[in-house]
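Read off the chains here:
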Amino acid sequence: MQRWTSKTFLLIAGCVACTAFVSTVSLTLPGNDAGHAPEQPIAYSHRLHAGELGIDCQYCHFAADKSPVAGIPPASLCMNCHNTVTAKSDVVEAEKQLAEKEGRLARTIISPELKKLYNALALDDERKPIPGRKPEPLRWQRVHDLPDFVAFDHRVHVSRGVACQSCHGAVETMERVQQVSTLSMGWCVECHRLNTRDGKGAVEAGFNHPRVEGHVSTDCAACHY
Amino acid sequence: MTTPRNMQRLDQQLVLPLEGESSDRRSFLRLMGFGVAAGALASCSRAPVSKAVPWLTAPEDITAGRAYRMATTCAACPTGCGALVTCKDGRPLKMEGLPGHAVSDGALCAVGQASVLELYDSQRIDGPQRSDKPCAWADADVAIANALDTLKSAGRVRILTDTRTGPATLATIQSFLARTKDGRHVMYDALSCSAIAAAHLATHGLRAMPRIDLAKAKVLAAFDADFLGTWYSPVEHARGWAAARRNKQPDAHSRHWHFESSMSVTGGVADIRRRLAPHELPAAIARLAALVTGGGGIRSELSCEADLVLLADELRSARGSALVLCGTNDVGVQTQVNQINAALGAYGSTLDLGTSSRQRRGDDAAVLELWNELDSGSVDLLIVAGVNPAFDFPARASTLSKARLFVSLATNHDETSALAHWTCPEPHFLERWDDHEAQDGVVAIGQPLIQPLMNGRTLRLSLARWSGDQSDELALLKRSFEANVFSRQKDIGSFTRWWRDLLHNGFARVAPRGGAHPFQPNGVQAAAARTAPSGGEFALVLTPKVGILDGRHAHNPWLQELADPVSRLAWECEACLSPAAAARLGVSEGDVVRIEAQGMQALRAPVHILPGLHDQVITFPLGYGRACTERFAGIGPKWWEGERTLAQGQRLGSNVAAWREIAHVRVERSGEHVELATVQDYRSLEVPAHLAPAHGEVRNHVRHASVAALAADPHAAHAGTHHPAAAELWSPDHANSGPRFGLAIDLSACNGCSACVIACQAENNVPVVGRDEVRRHREMAWIRIDRYESGTGDDVAVHQQPMMCQHCGHAPCESVCPVLATVHSADGLNQQVYNRCVGTRYCANTCPYKVRRFNWFDYPHEDALENHALNPDVTVRTRGVMEKCSMCVQRIQEARLEVRRLGLAVEDGDIQTACQQTCPTQAIVFGNLDDPKSKVAMLAAGGRSYRVLEELNVAPSVHYLADVRNPRA
């Protein structure tokens, strides 16, 4: 460079600014949300419930095979267990032993995350409704979300034998749910194409589900209407 | 071109405008470029995060994301059609007819379909008002209860409502009035059938309207009765009418004679139609009565004398399956109609007075008496619910204020509530409890399908509160039903069970109160005399429109934008003239005329030329000039060439209600001209001579034949049409194993009621564009009912043809899309992928049927409450995107995915498009064309079947069945 003109300087500054700008905003192409793992109002652990305790996906996400939306379970479903289970068993056990040693009644231990659940339902520590307090629904952050112009239907995928993990990854190992697939159209269509003819292609390609028989639509209107 | 202000908006989050740059053009553009690039990059971030908010305690029967359906009763008019409402996410979204219901049997009219939008009207009255200021319920209740205290011993209480039929409602009204010294319940209908009931009181001793069974009528004569369109119970009547015509054999097909002074949808589809001047009606009925009962009589001077003789013959031959209907409000004429029907044995076959219809119970005489009472200042408490007397009787509107205490229960602000002392609004029928008994012995429930969006109280509950009863709505209803209605049936012993069944089914049959009421000849009266218009005067005929009726739904944009099936105009208050009358006056389409009569303020309206109208008649639509139409001033897109639908503060059209008593008017050109917002310019089936080829081809996209011709040759409708053998575009090795969806539309069943148009709008989020855009032929309706008039003489036959995307096998639109936004699906649908469309509009250019609608603008969706009416299963299209009929692909998907999850197969009839579902005559059939046993395949293979513009070889999937008429040989 013979001399630094203001034009060149502006050009370089512009490139640096753009790079800095893009890297702060997004390193991926538009629409690719893989890696998204937002913080949730309650730090619910799938690793504990689905992995360690072995609760079936469709116990909580019961609408997955009946409805276009799998849905996040209502708080009342959590209370099926958490009406009685208030904290980790080792913590509760420790308090029980301490209480026995000290010759008093064991205190009810409420884990901090469960306290948030009871607060949402306006329940006190004894899980009785607090008079005068209004329950406030939990506002979960959606992890897997498709654009509004996509009409995705859970029930047909679930009832046709597509395992939850094939799209959502190994959720039973996730402390906090993370989106592992790109959920891009190409990713969806790949599986649909492999299943359109004879169904064998899907297993061979590594999709973690049994052979899906029958015709899987690759018509645009299957998802866009 | 972005302005500096725009640029600031783009940059506000990220980059400050560079300062210190010289202000010459090049630097300015450089700055622009960087700003735009920065803005573009800014939008390339992660999609905005949305929240998922589940229930805290999920309701048992509702699965999130799945629609559920609840039975209720439509109350958009007093007819009482049973409705099955589809609800999603806790809100009612789509009205459908309740299958098996005594009145609607699965279908619903255009007004019923549109009524769901009015639930989400943000301009409804939210809570009680004192004059026009909001107040508390307690304030209103205390004031009215105090007034009632004094009225126990003296004073007049009048409750003025539209037709109310529910047993609990009527019982509550009666018990309320019983606590007052002089209380009365007066009902009226703006589109009055009062004369029919009054006539039956005279001739049969029962003030009621008989139930009409059109399916049994082999010979039917209607005089000024638009029973398929704007008369009461159009759904029920259309179903019966179509049933009598389904069998095309000459001895099974009905014959429908129609005499009318206007041009209605019913008259257009009749077998034999004759124009009748309004003053000729009484004479015609009298002549027909003489012919039918006596067989002789003096020959009349009527233009239709010969027809009446023939008609009388046919009616007498069809004794026991004959029927004469008349829509006039003259008691004398109606008694003579009863006489004719009695002589024909109609009572007990096509008419049933034993289980009477209660769908119009208005009493014009009682209303007149009420006006006199009000005028004399002797009414102490006036409660008005469900009617708008200030609009329906504009000359007497000020009289309402003479009531000592005037309470309005209007749901929307209207002309009447503006005069009231207190307004205690009623909720919309989809959010309130209701009861109905539309037919004697058919009790029905209306149940709330959403928590009330506005603070309202039903008439029943208000009356109960003012009587000191603090029970809640449901308790009141159940108590009344248990006491009065439950005992009218003997099948179920437990009231709890019976009530639960009633709620589930929407209606129940109980013993009618009926009874035998034989005809008494001495009840027949003479008709009021009418004179012919003299000089150059015209006879004024006030006609309701299919979407507007009496104006009670004038605030509904869907109904205002509905292209009227008769005039093909939207957003217009047009006066109609026959071609000869227009020529006589020297006016053409769109010229504004001045209508004058003694003592009346002149009306001004644009003219629409309507073939088939009587040459001495000028028609004017009812229901216009409503104050609520002022809200449409800003409707539709705002752009620099666009004209507003209305000026600020202007109302749509003029209120002609005050002209009910005016028979003759003077009509003059005013010299002004209006470009009418029409959706169809040319309606004739004949090609003009100067355009016709040598052998005089008739446009054959609407085919028709007579019953006799069809009996001789099943392909008679296609006579004269010859197309070369169609070339197949796709090689036969591309086998299609799946369904091939298509439609079959029976033109002989379609009467133009336009229920399908509104159903499609509700189902598919079709936007409203406003008058100016309609004028530019940019209306967005995915389905339109084209009107074709065949015959060039004075009496035209009208053919209505629903036209939507034909889902062509060799679709021209699919070949020309540069981005493949429109492609063909494996099941035969022409798909439109909104997110791929870039708005070239090449597809709309190529479409031979012109059924593709382009979103020229982002049509306003700013009203958050109104957006609740949008169907979440269908994309809301943005500007620049093409849309068209998708054959309700969302319904197809829902049905297929649901049966797939259940492990079943889709059966014929499982999938119903919105247009098919609502059609009262079942004119539209959807199904799998490749399944030879499906209804659509059988219809498509029939002799009447053809496809529109077949010669273009686009292979449409929509088959039309030629129209069939049954004229005399």
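Note that the structure is a prediction, hence the values are computed from the model and not measured.

Thresholds applied
Residues numbered from 1 in each chain as written. Chains lettered and ligands numbered in written order. Predicted model: local features only at pLDDT ≥ 70, side-chain atom pairs only at ≥ 80, totals over all residues. Heavy atoms only, no water. Helix = DSSP H or I, 4+ residues; strand = E, 2+ residues; numbered from the N terminus. Rg over C-alpha atoms; globule rule 2.2 N^0.38 Å. Buried < 20%, exposed > 50% of the residue type's maximum accessible area, 1.4 Å probe, protein only. Contact = heavy atoms within 4.5 Å. Areas by Shrake-Rupley, 256 points an atom, 1.4 Å probe, with all protein chains shown as cover. Pairing = 2+ DSSP bridges. Core = buried A, V, L, I, M, F, W, Y, C linked by side-chain atoms within 4.5 Å. Buried area = accessible area lost by both parts, 1.4 Å probe. Salt bridge = Lys/Arg side-chain N within 4 Å of Asp/Glu carboxyl O. Polar contact = N/O pair within 3.5 Å; in protein donor to acceptor, adjacent residues only side chain to side chain. Nonpolar A, V, L, I, M, F, W, Y, C, P; charged D, E, K, R; others polar. Phe/Tyr/Trp six-rings, centres within 6.5 Å; stacked < 30°, edge-to-face > 60°. Lys NZ or Arg CZ within 6 Å of the ring centre and 35° of its normal.

Undergrad: What should I look at first to understand the overall build of chain B in this one?
TA: Each helix and strand in chain B was counted, giving 26 helices and 38 strands. Its C-alpha atoms give chain B a radius of gyration of 29 Å, within 12% of the compact-globule value 30 Å for 969 residues. With respect to the three principal axes, the spread of C-alpha positions in chain B is 90 × 75 × 65 Å. By residue count, 58% of the 969 residues in chain B fall in the buried class. At a minimum sequence separation of 6, the contacts of chain B that also span at least 24 residues come to 72%. Here chain B displays about 38200 Å² of accessible surface, and carbon together with sulfur accounts for 52% of that area.

Undergrad: Would you explain the pairing of strand 37 (residues 958–961) of chain B in this entry?
TA: One face of the sheet, then the other: side chains in a regular strand alternate in exactly this way. Residue and element names in this part refer to chain B. Neither face of strand 37 is left uncovered, since the one carrying Val958 and Tyr960 and the one carrying His959 and Leu961 both have all their residues buried. Of the strand pairs in this sheet, strand 28 (residues 741–746) and strand 37 are connected by 4 bridges, and their pairing is parallel. Note that in strand 37 the partner of alanine 744 across the bridge is histidine 959. Here 2 bridges tie strand 36 (residues 945–946) to strand 37, and the two strands are oriented antiparallel to one another.

Undergrad: Got a minute to help me understand the nonpolar core in this structure?
TA: Side chains that are nonpolar tend, in soluble globular proteins, to be buried together. All names here are of chain B. Judged by nonpolar contacts, the single largest core of 133 residues is most densely connected at Ile595 and Val665. The dominant element in this core, judged by the number of residues it contributes, is helix 3 (residues 110–119), at 6 residues. The contact partners of isoleucine 595, leaving out residues within four places of it in the chain, are Ala575, Ala602, Leu603, Ile618, Phe620, Trp659, Val665, Arg666 and Val667.

Undergrad: It is not clear to me how the interface of chain A and chain B should be interpreted in this structure. Could you clarify?
TA: Reports of interface size often rely on the accessible area that becomes lost once the parts have come together. Between chain A and chain B, the residue contacts involve 44 residues of the former and 47 residues of the latter. Its largest share of buried area at the contact with chain B, chain A owes to Phe21, Arg155 and Tyr225 of chain A, together 18% of the area lost on that side. Summed over the shared surface of chain A and chain B, the number is 2 salt bridges. Salt-bridge contacts for arginine 155 of chain A lead to glutamate 898 of chain B; the nearest nitrogen and oxygen are separated by 2.6 Å. The interface formed by chain A and chain B includes 17 residue pairs in polar contact (both at pLDDT 80 or more). Elements represented by at least two residues in the side of chain A that touches chain B include exactly helix 1 (6–25), helix 4 (75–82), strand 1 (140–141) and helix 7 (154–159) of chain A. Of the residues in the side of chain A that touches chain B, the class split is 25 nonpolar, 8 polar and 11 charged. Sheet topology places strand 1 of chain A next to strand 1 (residues 51–52) of chain B; 2 bridges connect them, and they run antiparallel. What sits directly across from glutamine 141 of chain A, in strand 1 of chain B, is lysine 51 of chain B.

Undergrad: Even after reading the chapter, I still don't get the packing of aromatic side chains, so can you show me in this structure?
TA: Any aromatic ring pair is given by two values, namely how distant the centres are and how the planes are angled relative to each other. Residue and element names in this part refer to chain B. Overall, the coordinates contain 17 aromatic pairs over all chains when judged by the stated rule. For the pair phenylalanine 495 and tryptophan 498, a centre-to-centre distance of 6.1 Å together with 35° between the ring planes defines the contact as tilted. In this pair, phenylalanine 495 and tryptophan 498 are both assigned in helix 16 (residues 495–505), 3 residues apart and thus about one turn of the helix distant. The same class applies to phenylalanine 495 and to tryptophan 498, which are both buried. On the basis of an interplanar angle of 80° and a centroid distance of 4.9 Å, the ring pair of phenylalanine 854 and tryptophan 856 is categorised as edge-to-face. Site record: aromatic cluster; members linked through ring pairs are Phe481, Phe486, Phe495, Trp498 and Trp499. The ring of phenylalanine 391 is capped by arginine 626, whose NZ or CZ atom sits 5.7 Å from the centre of that ring. Note that arginine 877 overlies the ring of tyrosine 834, its terminal NZ or CZ placed 5.5 Å from the centroid.

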